[in-house]
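# Fold and contact review
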Amino acid sequence: MPTVAATPITPPDQHVVTAREAIEPLYEKLELQTESLVLSAALEAGWSPDEATEALAALRLQDALSILGPTV
């Protein structure tokens, strides 16, 4: 009869991931898809690639500043 080597089982506390680690890949994928759609729409509307990229960067900055709130 064949023998089977014991497979070590990792304890659950060593499998725990943070919420950020769990959602980060999906967030990045959605961010890339959204960026692509926004840039495509801007280009189709006649914007230059530089104008579209700068506008997207400005929107990101505005969003980040609104999240951070007013600074003292």
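Everything discussed here concerns the structure shown above.
Not measured: the values here are computed from a predicted model.

### A word on the overall build of the chain
Helix and strand content of the chain: two helices and zero strands. Residues classed as buried in the chain amount to 4% of the 72 residues present. Split by element, the accessible area of the chain, about 6800 Å² in all, is 64% carbon and sulfur.

### Topic: a nonpolar patch on the surface
Nonpolar side chains collect at one region of the surface, where Leu 61, Leu 65 and Leu 68 lie side by side and expose about 340 Å² of accessible area between them. Structurally, the position occupied by Leu 68 is in helix α2 (residues 49-68). Take Leu 68: its relative accessible area is 67%, and that puts it in the exposed class.

### Some details on α2
Taking 1.5 Å of rise per residue, the 20 residues of α2 would be expected to cover 28 Å, and the 29 Å separating its terminal C-alpha atoms lies within 8% of that figure. Directly after α2, the chain includes Gly 69, whose backbone phi takes a positive value near 80 degrees.

### Details of the pattern of salt bridges
Following the criterion strictly, the structure yields two salt bridges and no others. Of the charged contacts, one joins Arg 60 and Glu 35 as a salt bridge, the two residues approaching to 2.1 Å between their closest N and O atoms. Here Glu 35 lies in helix α1 (residues 19-44) and Arg 60 lies in helix α2, a separation of 25 residues in the sequence. The exposure class of Glu 35 is partly exposed, given its relative accessible area of 26%.

### Digging into the packing of α1 against α2
As a packed pair, α1 and α2 sit with axes 9 Å apart at the nearest point and diverge in direction by 135 degrees. Here α1 lies oblique to α2, going by the angle between them. α2 is crossed by α1, and the crossing has right-handed handedness. Here α1 contributes Glu 35, Val 38, Leu 39, Ala 42 and Leu 43 to the contact with α2, which in turn contributes Pro 49, Ala 52, Thr 53, Leu 56 and Arg 60.

### Observations concerning α1
Helix length check: α1 (26 residues) gives 37 Å between terminal C-alpha atoms against 38 Å at 1.5 Å per residue, within 8%. The axis of α1 is deflected most strongly, by about 30 degrees, at Pro 25. Where α1 ends, the next residue or the one after it, Gly 46, has phi of about 100 degrees, a positive value.

Conventions we followed
- Residues numbered from 1 in each chain as written.
- Predicted model: local features only at pLDDT ≥ 70, side-chain atom pairs only at ≥ 80, totals over all residues.
- Heavy atoms only, no water.
- Helix = DSSP H or I, 4+ residues; strand = E, 2+ residues; numbered from the N terminus.
- Buried < 20%, exposed > 50% of the residue type's maximum accessible area, 1.4 Å probe, protein only.
- Areas by Shrake-Rupley, 256 points an atom, 1.4 Å probe, with all protein chains shown as cover.
- Patch = residues over 30% accessible without salt bridge, like charges linked within 9 Å, V, L, I, M, F, W, Y side chains within 5 Å.
- Salt bridge = Lys/Arg side-chain N within 4 Å of Asp/Glu carboxyl O.
- Expected span 1.5 Å × (residues − 1).
- Axes fitted to C-alpha atoms, helices over the stretch in contact; angles between N-to-C directions.
- Parallel < 35°, antiparallel > 145°, perpendicular 65-115°, else oblique.
- Left-handed = near helix turned anticlockwise from the far one by under 90°.
- Contact = heavy atoms within 4.5 Å.
- Bend = angle between axes of the 7 residues up to and from the residue.

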